[in-house]
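Now for the letters of each chain:
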Amino acid sequence: PSFGRKVEFEGNCNAGITSPEAGVIKSTVGGWGKWCRGKESFTENDAIKGISFKIGSETAHWVAGLSDHTAMGNYANIEFGMCARGHYSCSTPEIWESGARSYYPPAGSCENGDWQNQVWTIMINKAGKVEYAVDGEVYYTSTKPLVYPWHFAIDVYTASDPELFDMKYITG
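Sequence positions are assigned chain by chain, starting from 1 and proceeding in written order. This being a predicted model, a pLDDT of at least 70 is required before a residue's local features are given, and a value of 80 or more before pairs of side-chain atoms are given or counted; all residues contribute to the totals for chains, interfaces and linings. Side-chain metrics rest on all non-hydrogen atoms present in the structure, leaving aside hydrogens and water.

Side note on the pairing of strand S10 (residues 120–124)
It is a general feature of regular strands that their side chains alternate between the two faces of the sheet.
Step number 1: Exposure classes here rest on a 1.4 Å probe applied to the protein chains alone. A residue is buried below 20% of its type maximum, exposed above 50%, and partly exposed in between. Numbering of helices and strands starts at the N terminus; helices are DSSP runs of H or I of at least 4 residues and strands are runs of E of at least 2. Of all five residues that make up S10, five are buried, and the element is covered over most of its length.
Step number 2: The criterion for strand pairing is that DSSP finds at least two bridges linking the strands in question. Where strand S5 (residues 48–55) and S10 come together, four bridges link them in antiparallel fashion. Each residue of the ladder has a partner; that of Ile51, found in S10, is Ile122.
Step number 3: Bridge count between S10 and strand S11 (residues 130–134): five bridges; the pairing is antiparallel. In the sheet register, Ile124 faces S11, and the bridge partner there is Val130.
Step number 4: Linking S10 to S11, which pair antiparallel, is a turn of five residues; within it Gly128 sits at a positive phi near 85°.

Laid out in structure tokens, this is it:
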């Protein structure tokens, strides 16, 4: 995949969740229902085919991914999400789809290398299916159909500065 422009959020975040610059999310609050939504949405005819990002803190705990909801409530409104659990669990990264866990990685996955330099991706493949990868290695492909238009969304459980950084759209 090719990585394009950075994700922007302009005014689409709950109080305490901010984007000090494009491609960065930070929070001063925690607890599910603390969300932020990208300002753009995409259809199947757009060149944008997903998102990529890096984890901002080893204690970060959130669900981030693709949503077709214009109003966010919590992580259940993220249809295709990756979950980082920081120090809470060795299950990072988990896959959550519409509020239900779809994939739980094998034991010991929290020792998965240099987390601040890993690139996490959620991408629509050539078959139109959503696939999840870390550093280019796909570890789960969804069987659930994608609903358009979609946008990037995150629901934050713990306060971190930053939660995510280097968030970019994937093209082609």
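Section: the pattern of salt bridges
Step number 1: One speaks of a salt bridge when a side-chain nitrogen belonging to Lys or Arg is within 4 Å of a carboxyl oxygen belonging to Asp or Glu. All told, the structure shown has six salt bridges when counted by the stated rule.
Step number 2: The shortest N-O distance in the salt bridge between Asp161 and Lys26 comes to 3.9 Å. Here Asp161 is found in the loop between strand S13 (151–156) and strand S14 (164–171), whereas its partner Lys26 is found in strand S3 (residues 26–27), with 135 residues between them in sequence.
Step number 3: The class for Asp161 is exposed, based on a relative accessible area of 57%.

What about the sheet that holds strand S12 (residues 137–141)?
Step number 1: On the basis of which strands lie adjacent, the open sheet formed by six strands has the order S1-S14-S5-S10-S11-S12 and antiparallel pairing. Each edge of the open sheet carries a strand with a single partner, namely strand S1 (2–6) and S12. Sheet twist, expressed as the mean angle between neighbouring strand axes with direction ignored, is 30°.
Step number 2: The pairing of S11 with S12 spans four bridges and is antiparallel. Axis definition: a line fitted to C-alpha atoms, limited for helices to the stretch in contact. Angles are taken between N-to-C directions and run from 0 to 180 degrees.

Topic: the sheet that holds strand S6 (residues 61–67)
Step number 1: Judged by pairing direction, the sheet is antiparallel, and its six strands sit side by side in the order S4-S13-S6-S7-S8-S9 without closing on themselves. Every other strand in the sheet has two partners, leaving strand S4 (34–37) and strand S9 (100–103) as the edge strands with one partner each. Neighbour to neighbour, the strand axes of the sheet diverge by 25° on average, direction disregarded.

Focus: the side chain of Gln118
Step number 1: Within the secondary structure layout, Gln118 lies in the loop between S9 and S10.
Step number 2: For the purposes of these results, a polar contact is taken to be a pair of N or O atoms within 3.5 Å, where, inside protein, one atom must be able to donate a hydrogen and its partner to accept one; residues adjacent in sequence count only when each atom of the pair is a side-chain atom. Within the structure, the side chain of Gln118 is placed 3.4 Å from the side chain of Trp120, a separation counted as a polar contact.

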